[in-house]
Amino acid sequence: MESSAGMISSTKGSRIGSLESLFLAEYLCEKEALVQEDDEGVELGVVHPRPKSIFFGNPITVTLTDECPGACNNDPVHFDISGIAFKKLAKSGEASQLYNAGRISIFYQRIACNYNTNIIFKVDKGSNPNFFAVTSEAVNGDGDLSLVEIQASNSRWVPMQRMNGATWSVGIQPDKQKPLFSLRLTSETKQSVTASNVIPDGWQPGSIYKSNVNFPNNL
């Protein structure tokens, strides 16, 4: 798969590429590597002109959690990743030196998400009997949902609205739309999976419910 050029940096509070948590609300999976420019062209591996000795030389995989509107830092493509992930690009003992380098050039390549588990649904803490919002986590494949639908018991499928990232919401008529709730997810590549009756009667805001479905782990 062909790689693309971009920039990478790390700022305090960034969640992108956090290695502390497996289940982040993702858009895409991206594999990133540093860039070296020399007389023979551009290749993956290390960065120039900073000292090559501080770079690990292998790509890291990060999960994108949100998107900056427009161009960030005047770069057409710019990833702001967590300090933990940024330092993983350095050799042992050189993490601080790399972290202080600021913005560096990279090549990045989109790869399929593969969480080795089924999709997990986390009910948003702001949900109530008249409003339901849910985040889909550990989504395999392209990781980017184009549509989420909800179906109450003995009811039709109703499209939800994207709130932010992988969190989708819908208004509920509690006298007509009663749990159990099923959720149908459609990816950007138009593949769909259905988690039947995944949200139980008596669901609670902040609760996590595991499904028995996921997308194939390919693009």
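See the structure above.
Cut-offs applied
- Every chain is numbered independently, its residues counted from 1 as its sequence is written.
- Given that the model is predicted, a residue must reach a pLDDT of at least 70 before its local features are reported, and side-chain atom pairs must reach 80 or more before they are shown or counted; all residues, however, enter totals for whole chains, interfaces and linings.
- In computing side-chain properties, one takes all heavy atoms of the structure into account and sets aside hydrogens as well as water.
- Paired strands, as defined in this entry, are two strands with at least two bridges between them according to DSSP.
- Only DSSP runs of H or I covering at least 4 residues are called helices, and only runs of E covering at least 2 are called strands; the numbering of each starts at the N terminus.
- In this analysis, the protein atoms alone were mapped onto a 1 Å grid. Cavities are point sets where a 1.4 Å probe fits without being able to get out; pockets are open sets with protein on both sides within 12 Å along at least five of seven lines; lining residues have an atom within 4 Å of a point.
- Grid points are joined across faces, edges and corners, and a volume is the space filled by probe spheres set on the points.
- Residues are grouped as follows: Ala, Val, Leu, Ile, Met, Phe, Trp, Tyr, Cys and Pro are nonpolar; Asp, Glu, Lys and Arg are charged; every other residue, Gly included, is polar.
- Grouping buried Ala, Val, Leu, Ile, Met, Phe, Trp, Tyr and Cys residues that are joined through side-chain atoms within 4.5 Å yields what is termed a nonpolar core.
- Note on exposure labels: buried denotes an accessible area under 20% of the residue type's maximum, exposed denotes more than 50%, and partly exposed covers the range between, all computed with a 1.4 Å probe on protein chains only.
- The criterion used for residue contact is that any of the two residues' heavy atoms lie within 4.5 Å.
- Whenever a carboxyl oxygen of Asp or Glu lies within 4 Å of a side-chain nitrogen of Lys or Arg, that contact is scored as a salt bridge.
- Each axis is a line fitted through C-alpha atoms, taken for helices only over the stretch in contact, and angles between the N-to-C directions span 0 to 180 degrees.
- Pairing of aromatic rings covers Phe, Tyr and the six-membered ring of Trp, with a centre-to-centre limit of 6.5 Å; geometry is then stacked below 30 degrees between planes, edge-to-face above 60, and tilted otherwise.

**Some details on the pairing of strand S9 (residues 145-151)**
Sheet topology note: the S9/strand S13 (residues 181-187) ladder contains six bridges and is antiparallel. Looking across to S13, one finds that Ile150 is bridged to Leu183. The pairing of S9 with strand S10 (residues 157-159) spans three bridges and is antiparallel. Along S10, the bridge assignment pairs Glu149 with Pro159. If you look at the hairpin formed by S9 and S10, you'll find five residues sitting between the two strands, and Asn154 has a positive phi there, around 55 degrees.

**As for empty space enclosed by the protein**
In this structure the tally under the stated criterion is two cavities of 30 Å³ or more. There is about 50 Å³ of room inside the largest cavity. Partitioning the lining of the largest cavity into residue classes produces six nonpolar, two polar and one charged. Of the volumes computed, that of the second largest cavity is approximately 40 Å³. In terms of lining, the second largest cavity is formed by Asn140, Gly141, Asp142, Ser187, Thr189, Gln191, Phe215, Pro216, Asn218 and Leu219. Residue composition of the lining of the second largest cavity, by class: three nonpolar, six polar and one charged.

**Focus on the nonpolar core**
Ranked by size, the top nonpolar core spans 26 residues in total, and within it Phe121, Phe132, Ile150, Met160, Leu183, Leu185 and Ile199 carry the most contacts. Sorting the residues of this core by element identifies strand S7 (120-123), strand S8 (131-137), S9, strand S12 (167-171), S13 and strand S14 (192-199) as the ones contributing at least two each. Leave out the neighbours within four places in its chain, and Leu185 touches Ile119, Phe121, Ser136, Leu145, Leu147, Val148, Gln191, Ser192, Val193 and Phe215. Within the second largest apolar cluster, 13 residues are counted, among which are Ile60, Phe79, Leu89 and Ala90.

**Some details on the pattern of salt bridges**
Evaluation of the coordinates by the stated rule reveals one salt bridge. Between Glu149 and Arg184 there is a salt bridge, with its nearest N and O atoms 2.9 Å apart. Here Glu149 is found in strand S9, whereas its partner Arg184 is found in strand S13, with 35 residues between them in sequence. The exposure class of Glu149 is buried, given its relative accessible area of 11%.

**Focus on the sheet that holds S12**
Ordered in space as S11-S12-S8-S7-S15, the five strands form an open sheet in which the pairing is antiparallel. The sheet is open, and its two borders are formed by strand S11 (161-164) and strand S15 (208-210), each paired with just one other strand. In this sheet, neighbouring strand axes are inclined to one another by 30 degrees on average, regardless of whether the strands run parallel or antiparallel.

**Notes on the sheet that holds S14**
Taking strand neighbours across the sheet as the criterion, the four strands line up as S10-S9-S13-S14 in an open arrangement whose pairing is antiparallel. The sheet is open, and its two edges are formed by S10 and S14, each paired on a single side. Each strand axis lies, on average, 25 degrees off the axis of its neighbour in the sheet, ignoring direction.

**Overview of the packing of aromatic side chains**
All told, the structure shown has two aromatic pairs when counted by the stated rule. Look at Phe132 and Phe181: their rings are 5.7 Å apart centre to centre, the planes differ by 65 degrees, and that puts the pair in the edge-to-face class. With a gap of 49 residues between them, Phe132 in strand S8 and Phe181 in strand S13 connect regions that are remote in the sequence. Like Phe181, Phe132 is buried. Both rings, one in Phe132 and one in Trp203, keep their centres 5.1 Å apart while their planes meet at 80 degrees; by these two values the pair is edge-to-face.

**Some points on unusual backbone geometry**
In most cases, non-glycine residues show a negative phi, while peptide bonds are predominantly trans. Here the residue pair Pro179 and Leu180 is connected by a cis peptide bond, since its omega of 15 degrees sits within 30 degrees of zero. Inspection of the secondary structure assignment puts Leu180 in the loop between S12 and S13. Phi at Asn116 takes a positive value of approximately 55 degrees, unusual for a residue other than glycine. Mapped onto the elements of the fold, Asn116 is located in the loop between strand S6 (104-111) and S7.

Purely spatial values, then, with no claim about function.
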